[in-house]
Amino acid sequence: MVRETTAGATTGATAESRSAGAEIRRRERAAGRAGVESDEEQGARNERPSTRSVDTGSKRLEASDPRRGELAAFLRSRRERITPEQVGLPRGRRRRTPGLRREEVAQLSTVGVTWYTWLEQGRDIHVSAQVLDAIARALILDRSERAHLFALAGTVDPSPASECTGVPQSLRRMLEQLEPFPACVQNSRFDLLAYNRTYRLMMCDLDQVPPEDRNCLWLAFTHDEWRSSMVDRDETIRLMAAKFRAVMAEHVAEPAWKAMVKRLEDASAEFQEIWARHEVVRPGDKIKVYRQSQVGILRLASTSLWTGPRQGPKLLTYTPADAETHERLERLHVLALAAEAEAEAAEAEAATAEAATAAV
């Protein structure tokens with residue numbers, strides 16, 4: 001019995017020991033898990049001060065080199081002033097950002113989104129002249145803005161005289177002085193950047209056309225009134241498409257150019273058929289004939305004056321090829337002045353009514 005009792009006590013003690021050991025191991029495992037979680041929490045806590053340290057360091061960098069902060073602010077301001085339609089991008093329904101998004105600028109300039117974001121955040125990164133050139137074109141910088149961009153970046157501009165698509169006031173005044181002769185400023189993509197009052201009414205009322213649609217190629221294939229003004233329409237639109245293809249060879253990878261082609265293909269089966277021919281032709285000046293709805297047939301000699309050393313924006317002027325056209329242009333100019341005066345009177349009347357309503 002003693003042995004049995006001893007044996008029983010030993011068995012019981014062993015069972016208790018095993019139970020206690022299991023409990024100890026369970027607690028150790030629990031403690032181990034708690035230790036891991038504690039380490040993770042500690043790691044997270046360690047990361048937060050590190051982030052604050054980075055932020056503080058960024059401010060110190062900005063303070064030590066104010067040009068980077070100025071560059072960041074300049075890029076943001078230029079980005080926010082451009083509408084998607086100006087660069088051939090869809091607006092979309094849920095756009096809250098004024099102007100373009102960062103990723104859209106990156107897309108237009110074929111720069112990585114992260115890289116452009118860092119540049120706009122004023123980070124200490126090296127940017128090549130090629131990247132700055134692409135960004136200047138994507139943001140439609142004029143000559144002075146482009147020079148300012150390169151100066152802030154501390155980089156030599158490889159093409160200091162090149163112009164993007166801004167139209168200086170001096171050129172706008174030249175357009176006005178050319179009246180009653182029609183004239184406009186047009187870029188190589190056929191976008192109308194500016195025009196005088198006679199040109200406004202020559203083929204349709206351009207002021208009634210949405211800004212994103214003020215492109216001669218787009219209007220030639222999609223706008224009924226514009227199309228009806230071209231006397232030799234079939235030949236004219238064929239040559240326009242061929243000129244566009246020839247110039248696009250230098251811009252074939254640029255999103256704005258590809259978006260323009262895609263938009264035309266979606267809107268016009270006629271453009272699809274002509275574009276598929278792959279015809280190219282060099283720009284040239286010749287007599288052009290238009291049918292203006294109010295004054296009749298206009299025979300005009302066109303002249304292209306490039307505004308920079310490379311083919312880009314140009315001043316396109318139309319001079320009368322005969323005395324009859326000259327007289328008709330003068331009549332058209334009178335109509336344009338009357339239309340402008342009427343529009344200004346309507347705006348003034350609307351402003352007066354709005355002020356009266358606000359006063360009440």
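Up top you'll find the structure we're talking about.
Here the structure is a predicted model, which is why all the values come from computation and not from measurement.

Trainee: Just checking my understanding: could you explain the packing of aromatic side chains for this structure?
Mentor: Aromatic ring pairs are described here by two measures, namely the spacing of the ring centres and the angle between the planes. What the rule picks out here adds up to 9 aromatic pairs. A ring pair is formed by F190 and F244, whose centres lie 6.3 Å apart and whose planes are at 25 degrees; its orientation type is stacked. Highlighted residues: F190 in the loop between β1 (183-186) and β2 (192-195) and F244 in helix α11 (residues 233-248), separated in sequence by 54 residues. Overall, the relative accessible area of 10% leaves F190 in the buried class.

Trainee: Whenever I open this one, the nonpolar core confuses me. Can you help?
Mentor: Nonpolar side chains tend to gather and get buried jointly when the protein is soluble and globular. Residues Y199, M202, L206, L217, W226 and F244 are the most contacted members of the largest nonpolar core, which totals 41 residues. Grouped together as the second largest cluster of nonpolar side chains are 27 residues, L71, L100, V105 and A138 included.

Trainee: How should I be thinking about the pattern of salt bridges in this particular structure?
Mentor: Two side chains bearing opposite charge may form a pair once their charged atoms approach each other closely. Inspection of every chain in the model, using the stated rule, returns 23 salt bridges. When the shortest N-O distance is used, the salt bridge between R238 and E279 registers 3.0 Å. Of this pair, R238 sits in helix α11 while E279 sits in the loop between α13 (269-275) and β3 (287-292); the two residues are 41 residues apart in sequence, bridging distant segments of the chain. A relative accessible area of 23% places R238 in the partly exposed class. The partly exposed category is assigned to E279, whose relative accessible area is 28%. Among the charged side chains, a network of salt bridges with common partners joins E176, E179, R197 and E340.

Trainee: Just to check I follow, could you spell out the packing of helix α5 (residues 129-138) against helix α6 (residues 143-153) for this structure?
Mentor: Working note: a packed helix pair is described by the angle between its axes plus the distance between those axes. Remark: α5 packs on α6, axes separated minimally by 10 Å, with the N-to-C direction vectors making an angle of 145 degrees. Between α5 and α6 lies a crossing whose hand is right-handed. Contact residues: α5 offers A129, L132, D133 and A136, while α6 offers R146, L149, F150 and A153.

Trainee: Sorry, what's going on with the state of the cysteines here?
Mentor: Under the defined criterion, the tally for this structure stands at 0 disulfides. No disulfide involves C184; its sulfur sits 5.9 Å from the nearest other cysteine sulfur, which is in C216. Residue C216 is classed as buried on the basis of its relative accessible area, which comes to 5%.

Trainee: What is the right way to read the packing of α11 against helix α12 (residues 255-267) from this model?
Mentor: Contact pair α11 / α12: the axes reach a minimum separation of 12 Å and the direction vectors enclose 155 degrees. The orientation of α11 with respect to α12, classified from their angle, is roughly antiparallel. For the crossing formed where α11 meets α12, the hand is left-handed. Contacts from F244, V247 and M248 in α11 reach W257, K258, M260 and V261 in α12.

About the cut-offs
Residues numbered from 1 in each chain as written. Predicted model: local features only at pLDDT ≥ 70, side-chain atom pairs only at ≥ 80, totals over all residues. Heavy atoms only, no water. Phe/Tyr/Trp six-rings, centres within 6.5 Å; stacked < 30°, edge-to-face > 60°. Helix = DSSP H or I, 4+ residues; strand = E, 2+ residues; numbered from the N terminus. Buried < 20%, exposed > 50% of the residue type's maximum accessible area, 1.4 Å probe, protein only. Core = buried A, V, L, I, M, F, W, Y, C linked by side-chain atoms within 4.5 Å. Salt bridge = Lys/Arg side-chain N within 4 Å of Asp/Glu carboxyl O. Axes fitted to C-alpha atoms, helices over the stretch in contact; angles between N-to-C directions. Left-handed = near helix turned anticlockwise from the far one by under 90°. Contact = heavy atoms within 4.5 Å. Disulfide = S-S within 2.5 Å. Parallel < 35°, antiparallel > 145°, perpendicular 65-115°, else oblique.

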